[in-house]
Amino acid sequence: MNRIEHTFAELKHREEKALVGFVTAGDPDPERSFQIVRSMCRAGLDILELGIPFSDPTADGPVIQRSSARALKSKTRLSLIMEMTARLRKETGIPIILFSYYNPILAYGADRFYEEAVASGADGALVVDLPPEESAELIAGWDFARFALIRLIAPTTPQQRMKTIADDAAGFLYLVSKTGVTGSAGLDTSLVGGQVDRLREVTALPICVGFGVSTPEDVAALSRISDGVVIGSAFERLIEENIDSPDLPEMVGDQTRIYKKATKSADADL
Amino acid sequence: MSHERLIQPRPEGPDAGGHFGPYGGRYIAETLMPAVLELERAYKRISKEPEFTTQLADLLRNFAGRPTPLFHARRLSRHLGGGEIYLKREDLTHTGAHKINNTLGQTLLAHWMGKKKIIAETGAGQHGVATATAAALFGMECKIFMGVEDIERQAPNVRRMELLGAEVHPVDSGTGTLKDAMNEALRYWVGAVEDTFYVIGSVAGPHPYPMLVRDFQKVIGEEAREQILAAAGRLPDLLIACVGGGSNAMGLFYPFLDDPVEMVGVEAAGKGLSSGKHAATLCSGSIGVLHGSKSYLLQDADGQITEAHSISAGLDYPGVGPEHSLFKDLGRARYVAVDDNAALEAFHALCALEGIIPALESAHALAYAMVEAKNGPADRVIVVNLSGRGDKDLGIVSSVMEEKSRS
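Residues numbered from 1 in each chain as written. Chains lettered and ligands numbered in written order. Predicted model: local features only at pLDDT ≥ 70, side-chain atom pairs only at ≥ 80, totals over all residues. Heavy atoms only, no water.

Here we look at the overall build of chain A
When you go through chain A residue by residue, the secondary structure sums to 12 helices and 9 strands. Across its three principal directions, the C-alpha atoms of chain A cover 45 × 45 × 35 Å. Long-range contacts, defined as pairs at least 24 residues apart, comprise 74% of the intrachain contacts of chain A with a sequence gap of at least 6. Accessible surface for chain A amounts to roughly 10,400 Å². Of this, 50% is attributable to carbon and sulfur atoms. Of the charged side chains in chain A, 29 are positive and 39 negative; the average position of the first set lies 3 Å away from that of the second. (Helix = DSSP H or I, 4+ residues; strand = E, 2+ residues; numbered from the N terminus. Contact = heavy atoms within 4.5 Å. Areas by Shrake-Rupley, 256 points an atom, 1.4 Å probe, with all protein chains shown as cover. Lys, Arg positive; Asp, Glu negative; His and termini not counted. Charge placed at Lys NZ, Arg CZ, Asp CG, Glu CD.)

Let's talk about the overall build of chain B
Looking only at helices and strands, one finds 17 helices and 14 strands in chain B. For chain B, the C-alpha radius of gyration of 20 Å lies close to 22 Å, the compact-globule estimate for 407 residues. Residue burial in chain B is summarised as follows: out of 407 residues, 65% are buried. Across chain B, the fraction of contacts at a sequence separation of at least 24, relative to all contacts at a separation of at least 6, is 74%. A total of about 14,000 Å² of accessible surface is found on chain B, and carbon and sulfur atoms cover 51% of it. Across chain B, the 40 positively charged side chains and the 50 negatively charged ones have centroids separated by 3 Å. (Rg over C-alpha atoms; globule rule 2.2 N^0.38 Å. Buried < 20%, exposed > 50% of the residue type's maximum accessible area, 1.4 Å probe, protein only.)

A short note on the sheet that holds strand β2 (residues 23-27) of chain B
All names here are of chain B. One open sheet accounts for 4 strands, arranged β1-β2-β12-β11; its pairing is antiparallel. The sheet is open, and its two borders are formed by β1 (19-20) and β11 (286-290), each paired with just one other strand. Relative to strand β12 (residues 292-297), β2 is paired through 2 bridges, and the arrangement is antiparallel. Within β12, the position partnered with G24 by the bridge is K294. Each of β1, β2 and β12 is contacted by helix α14 (residues 322-330), which is oriented at about 40° to β12, the strand it contacts most. (Pairing = 2+ DSSP bridges. Axes fitted to C-alpha atoms, helices over the stretch in contact; angles between N-to-C directions.)

Quick word on the pairing of strand β10 (residues 262-270) of chain B
Residue and element names in this part refer to chain B. With 9 of its 9 residues buried, β10 lies for the most part within the structure. By the bridge criterion, 5 bridges tie strand β9 (residues 238-242) to β10 in an arrangement that is parallel. What sits directly across from L239, in β10, is M263. Taken together, β9, helix α12 (residues 247-253) and β10 form a β-α-β motif whose crossover is right-handed. Both β10 and strand β13 (residues 334-339) contribute to a ladder of 6 bridges, which runs parallel. Bridged to V264 within β13 is R334. (Right-handed = clockwise from strand over helix to strand, strands pointing away.)

Focus: the state of the cysteines
If you walk through the whole model with that rule in mind, you get 0 disulfides over all chains. Between C208(A), a free cysteine, and C41(A), which holds the nearest cysteine sulfur, the sulfur-to-sulfur gap is 16 Å. Free cysteine: C351(B), not disulfide-bonded; nearest cysteine sulfur from C242(B) at 16 Å. (Disulfide = S-S within 2.5 Å.)

What about the sheet that holds strand β9 (residues 228-231) of chain A?
Residue and element names in this part refer to chain A. Pairing within the open sheet is parallel, and its 9 strands lie in the order β5-β4-β3-β2-β1-β9-β8-β7-β6. Of all strands in the sheet, those with a lone pairing partner are β5 (148-149) and β6 (151-153), marking the two edges. Strand direction decides the pairing type here: strand β8 (residues 207-210) and β9, joined by 2 bridges, are parallel. If you follow V209 over to β9, its bridge partner there is V229.

Topic: the packing of helix α15 (residues 340-354) of chain B against helix α17 (residues 394-406) of chain B
Residue and element names in this part refer to chain B. Two elements in contact, α15 and α17, have axes separated by 12 Å at closest approach and are oriented at 105°. Between α15 and α17, the angle is such that the two are roughly perpendicular. Judged by residue contacts, N341, L344, F347 and H348 of α15 engage V397, V400, M401 and K404 from α17. Split by residue class, the contact of α15 with α17 holds 5 nonpolar, 2 polar and 1 charged. (Parallel < 35°, antiparallel > 145°, perpendicular 65-115°, else oblique. Nonpolar A, V, L, I, M, F, W, Y, C, P; charged D, E, K, R; others polar.)

Description of the nonpolar core
Counting residues in hydrophobic clusters, the biggest one holds 85 residues, and the most contacted among them are Y174(A), L109(B), W189(B) and Y198(B). Broken down by element, the residue count for this core peaks at 8 residues, all from helix α2 (residues 33-46) of chain B. Ignoring anything within four residues of it in the chain, the contact list for L109(B) reads L39(B), A42(B), Y43(B), I46(B), F52(B), F197(B) and L212(B). Membership of the second largest hydrophobic core comes to 67 residues, among which are L19(A), F34(A), I239(A) and L248(A). (Core = buried A, V, L, I, M, F, W, Y, C linked by side-chain atoms within 4.5 Å.)

Here we look at the interface of chain A and chain B
Opposite the 36 residues of chain A that make contact, chain B presents 34 residues. Taking both sides of the interface into account, the surface hidden between chain A and chain B amounts to around 2,600 Å²; carbon and sulfur atoms contribute 50%. There are 4 salt bridges connecting chain A and chain B. Of all the secondary structure elements, the ones that give two or more residues to the side of chain A that touches chain B are α3 (62-73), α5 (102-108), β6 and α8 (159-167) of chain A. Broken down by element, the side of chain A that touches chain B gets its largest block of residues, 5 residues, from α5(A). (Buried area = accessible area lost by both parts, 1.4 Å probe. Salt bridge = Lys/Arg side-chain N within 4 Å of Asp/Glu carboxyl O.)

A few points about the environment of L326(B)
Residues and elements named next belong to chain B. Within the fold, L326 resides in helix α14. Spatially, the C-alpha atom of L326 lies 9.2 Å from that of E12, the residues being 314 residues apart in sequence. Among residues more than four places away in sequence, those in contact with L326 are P11, E12, F20, G21, P22 and Y23.

Here you go:
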């Protein structure tokens, strides 16, 4: 059993859902970024999505665009993110997913990316602008049991296409809660529920829901219907608003704890 | 170049997945995938409808003013002393640039698909104006994304779009130019994909756009081919067009692919290729993925997109259409770069010698044609795509002239 499978099995046993946290690696700078992520892991994060910054993040809203720009300004390169992953792996046993646009991976070299990611202790990658139609060249040599390509399902994805995507997927499925970029407002959990149901009919993989999730109430509501909840922009907003605070890692850790608590109360009344 | 080299192999594409050799494809968020798949199916179906073809032909003729003339630039040719230069007058279309060919095609397609809202990105503003025009004609709601830098340097086009009823959405991320406008249009589209048609302005973006835009622009080359056969009694030796994303060049080149005709795409060398401030993607870029397709790009070693620079807003783009990347690799077309100064000289030469004010974009093609005509044999026939008119550039040109007169 790999780390992703182990995590979902454990959570099921504990009757909890996964808290998946996204932060851009290197934001605001490589060292503080490491401290922030370590603090999140210590606070009970279940799965880490480590964002690889890109100059032109077309699927991201303003908050993650700015975090990406800050990380690039502090010279965060993919080689440095591999080192950060290896360092984190010494601290934590949770799955680490590298979250990227395709171009930085292409420039790094697809084979080199895979080899170094596996060696550093990462468990998978999610490439936001790489639909199944284009992913063959990237994953040709991948062993999904060691390192999975996490697939995205969108609100616009018809059920037949959901099945096609899910059949080739591993790890878990990332269900995008709504049309729009990351951090968009207007999460509608009842609509998401319908999507989850349609997706459940075609897959046995765990389903994590992300995009536009910001409050503990959102997390609790989504925890009732899915296997995990992804928080990204809300963490990045916290980082941005407290960027000069010496307590920033602890603040992000505290917020992680609040969200994590909401994944445990799926059946409780809120 | 031998004729065999010119026509063999004939570049094919796109394949079923939207690839031109190793380029092209659909590198986009899953949310948009169903929309581009739907667009591809709709285009295949609707473009075969005789009614659609008739409507588009009527619009091109009676609304856009096609066919555009092919003008023999005799004074310019004589002045240069070698080769005969013919200008394909896309500047004479309604809205003043070749962009209208594509926006009428895509907007008519959107209309047939039952869409009521359209969006577009724009650099120089020509595609924005052409989209706003088509939207007004079809009574559609229209939003145009434009970088703040371009809004500043192409102000007259902003006014035109607003008069035509479009909402101009300023984009201040990045360098505030075409690349950023396209980023923002894609972001908006992800949120509005269910009822909004995205009119992409160049032979770029995810499949089927490079094919779609090529098909709507190839009317330029089809007309030019007939016209040059009538005017010169033979095929041209050389076709020249500027390349930003590459739509006017593709439109001119495509109908000549089976002919022994040399093709040159002219990119913007900005302040010079060695200065790093240029937009010469094919001349000095490397392969990567941006805005939905794999193609040559301006990027650093980490795969971060670098800033493009050109005096011409329409060429100021760090990517290029995937089919041009294939043409480059196969040697079917040659790509060169012309700097800001050479483009300005060509701009003034055409004004003085032929009474035509060209767009700064087109002036790049013209500048290279002037070099070729100066150095080539006298009987050579050169067709240059005069892709747009220069009224929009008067502000930039006069401020450069003022600077020069001060220094």
